[in-house]
Amino acid sequence: MAAAINFHRITPAPDPTLKTTPLPRSSHGISALKDGQRLVLYGGENVARTPIADARQALWLAEKSDSGDHDWNWISPLLAEDGAAPSSRIAHSQAAVGDDVYIFGGRSGVEIEETALGDLWKLEIISADNNQQLRAKWTEVPPATAELPEARSFHKMIAISTDLYVFGGCGANGRLNDLWKFDTIGKEWTNFGCSHVLKGRGGPNILSLSSGGETDSNEVKIAVLAGFAGEETNDGHIFNNNSWEDQGMDGIGDMRKRSVCSFGSLPKHNKCIIFGGEVDPSNKGHEGAGNFERDVVLLDGASGALLEAVKPKEGEESSWPEARGWADATVGGEDIFYLFGGLAGNDTTPVRLDDLW
């Protein structure tokens, strides 16, 4: 029996000062704070290869509201007084630790001669003006270790407790298949080496798995699967107890090959979720749009094995997000999966999206 999947379109009210909402975008990041009561949207491109440069458009908050005509409100926060901020970028990675959001890497465009970024920034949302005005305080995070991950873009990052885990992406000499941890308390990077199963890739899925009750509940267990490695893939590898497992993942071979998906872990349901993604690359590279999926892939939360891929039933199409890739998603509150934007359409008419689900 197929799982019951319920999507709900969220339409926040425009920012009360700017009277506008976020630009459509792809290759951005979104993170949940305050148990899913606040979503932080950052970066991306409204035009192919061109990062959103306007600081008031690059960073947005979606705030859940208990009053007014809208359940949510868009807010474009002002920068804190010191004015520090990361450079405009696309294809960075983003994850939340506590009340803070971290971004790592990305690039200022996607021309071959451009250099990927390797900087790490922390974003705090602070209240000012008698708690009426929210402000964004950016701080670049200096590492305490000499060995650092290579600058990269189109990689992925998740947070587990107070640590950040970064996998893959595109570096100066090609696609990467390495895994790194950043301890946000000690400010130290740890290199866990390359997967001996997976080729270097961009746009992978990286998922936090549960221990399944067999070992210490604090054990870190991560699944990396799919992504673009010169072609769309559906292979996977598990990092468990500080080392890569000997063999690749079992039970995912029936998943359609894909990359640049939206994903998240649902610990209360002991499942992981992947939405959509690119299943056929564009003939125009980053200038176009390939072929996309709109299914919900459910994976076992302990093993990462494929459970099922659910598509909208006949008559439900309008209540599901359209097929897309290059979007981003986050999980907040009671295992609620939030999805924003991305790239849809095709090579003839690529379309960047601004919808929130």
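Thresholds, definitions, all that
- The residue numbers shown here count from 1 along each chain, following its written sequence.
- Local features in this predicted model are restricted to residues whose pLDDT is 70 or higher, and side-chain atom pairs enter the listing and the counts only when it is 80 or higher, whereas totals over whole chains, interfaces and linings include all residues.
- Excluding hydrogens and water, the side-chain values take into account all heavy atoms of the structure.
- Note on pairing: two strands pair once DSSP finds at least 2 bridges between them.
- Put simply, DSSP marks the helices as runs of H or I at least four residues long and the strands as runs of E at least two long, and each gets a number from the N terminus on.
- Note on geometry: axes are lines fitted to C-alpha atoms, helical ones only across the stretch in contact, with angles between N-to-C directions running from 0 to 180 degrees.
- Think of it in three bands: with a 1.4 Å probe and only protein chains considered, a residue is buried below 20% of the maximum accessible area for its type, exposed above 50%, and partly exposed in between.
- By the counting scheme adopted, Arg and Lys are positive, Glu and Asp are negative, and His together with the chain ends is not counted.
- Salt bridges are defined as contacts in which a side-chain nitrogen from Lys or Arg sits within 4 Å of a carboxyl oxygen from Asp or Glu.
- Pairs of N or O atoms are called polar contacts if they sit within 3.5 Å, as long as, within protein, a hydrogen donor faces a hydrogen acceptor (for residues adjacent in sequence, only side-chain-to-side-chain pairs).
- In what follows, residue pairs with any heavy atoms lying within 4.5 Å of each other are defined as contacts.
- Residue types Ala, Val, Leu, Ile, Met, Phe, Trp, Tyr and Cys, when buried and joined through side-chain atoms within 4.5 Å, form a set referred to as a nonpolar core.

## Focus on the sheet that holds strand β6 (residues 72-75)
- Strand order in the open sheet formed by four strands is β1-β2-β5-β6, with antiparallel pairing between adjacent strands. Where the open sheet ends on each side, the last strands, each with one partner, are β1 (29-33) and β6. The sheet shows a mean angle of 20° between the axes of neighbouring strands, taken without regard to direction.

## A word on the side chain of Lys 221
- With respect to the helices, strands and loops of the structure, Lys 221 is situated in strand β17 (residues 221-228).
- At 5.3 Å, Glu 245 is the nearest oppositely charged side chain to Lys 221, a buried residue that forms no salt bridge.
- In this structure the side chain of Lys 221 is engaged in a polar contact, spanning 2.8 Å, whose partner is the backbone oxygen of Ala 302.
- Once you skip the residues sitting within four places of it in the chain, Lys 221 turns out to touch Leu 207, Ser 208, Leu 209, Ser 210, Ile 238, Phe 239, Asn 240 and Ala 302.

## Here's the deal with unusual backbone geometry
- Of note in this structure, Asn 242 is not a glycine but carries a positive phi near 70°.
- As for its position among the elements, Asn 242 is in the loop between β18 (232-240) and β19 (243-244).
- Looking at Asn 242, the relative accessible area reads 54%, which means it is exposed.
- Even without being glycine, Trp 326 reaches a positive phi, approximately 60°.

## Brief notes about the nonpolar core
- By size, the foremost hydrophobic cluster in this structure holds 28 residues, and its most contacted members are Tyr 165, Leu 179, Ile 206, Ile 222, Leu 225 and Ile 274.
- Mapped by element, the contributors of at least two residues to this core are β12 (156-160), β13 (163-171), β16 (205-209), β17, β18, β21 (271-280) and β22 (291-300).
- The dominant element in this core, judged by the number of residues it contributes, is β17, at five residues.
- Once you skip the residues sitting within four places of it in the chain, Ile 206 turns out to touch Lys 156, Met 157, Ile 158, Tyr 165, Phe 167, Leu 179, Ile 222, Ala 223, Val 224 and Phe 263.

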